[in-house]
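Residue strings, one per chain:
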Amino acid sequence: MTTSIVLGFFDGIHLGHKAVIEGALNYEYPVKLVTLNKSPAEYFTGKAEYIFERNDSYDRIKKLGVKDIIVEDFRIISDMVNFHP
């Protein structure tokens, strides 16, 4: 089964985020949005500023029409590609 994947951190859900998400939703395939539980900045610097609480961002994404949100931990992803600061 073909699926459209949208990948990003999606904090603040600005016009660029909306355009990418809406573009994916315009295809005939189901959309899965993959995001991170914490900002990658927190991984690198130990701190990060957030525009919205993560659940607020997820709610805003769902209001755009995304039904399937997959939340991953950046540390696990970075370990998969052996990417360490």
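Residues numbered from 1 in each chain as written. Predicted model: local features only at pLDDT ≥ 70, side-chain atom pairs only at ≥ 80, totals over all residues. Heavy atoms only, no water.

Draft legend 1. Up close: the packing of aromatic side chains. In this structure the tally under the stated criterion is four aromatic pairs. Aromatic pair Tyr43 and Phe44: ring centres 5.2 Å apart, planes at 85 degrees, arrangement edge-to-face. What makes Phe44 partly exposed here is its relative accessible area of 39%. For Tyr43, a relative accessible area of 22% corresponds to the partly exposed category. Pairwise contacts between aromatic rings join Tyr43, Phe44 and Phe74 into one cluster. The cationic tip of Arg54 hangs over the ring face of Phe9; the distance from NZ or CZ to the ring centre is 4.1 Å. (Phe/Tyr/Trp six-rings, centres within 6.5 Å; stacked < 30°, edge-to-face > 60°. Buried < 20%, exposed > 50% of the residue type's maximum accessible area, 1.4 Å probe, protein only. Lys NZ or Arg CZ within 6 Å of the ring centre and 35° of its normal.)

Draft legend 2. Region of interest: the sheet that holds strand β2 (residues 31-36). As summarised here, the arrangement of the three strands in space is β1-β2-β3, forming an open sheet in which the pairing is parallel. Either end of the sheet is taken by a strand with one partner, and the two such strands are β1 (4-7) and β3 (68-72). Mean inter-strand twist for the sheet, computed between neighbouring axes without regard to direction, equals 25 degrees. With respect to the sheet, helix α1 (residues 15-25) is in contact with β1 and β2, its orientation differing from that of β1 by roughly 170 degrees. (Pairing = 2+ DSSP bridges. Helix = DSSP H or I, 4+ residues; strand = E, 2+ residues; numbered from the N terminus. Axes fitted to C-alpha atoms, helices over the stretch in contact; angles between N-to-C directions. Contact = heavy atoms within 4.5 Å.)

Draft legend 3. Summary view of helix α3 (residues 54-63). For α3, the full list of buried residues reads Arg54, Ser57, Tyr58 and Ile61. The buried residues of α3 all sit within an arc of 100 degrees when viewed along its axis, so they share a single face. The outward face of α3, more than 90 degrees from its buried face, is lined by the exposed residues Asn55 and Lys63. Elements in contact with the buried residues of α3: α1, β2 and β3. In the stretch just after α3, Gly65 is the one whose phi turns positive, near 115 degrees. (Arc of directions from axis to C-beta.)

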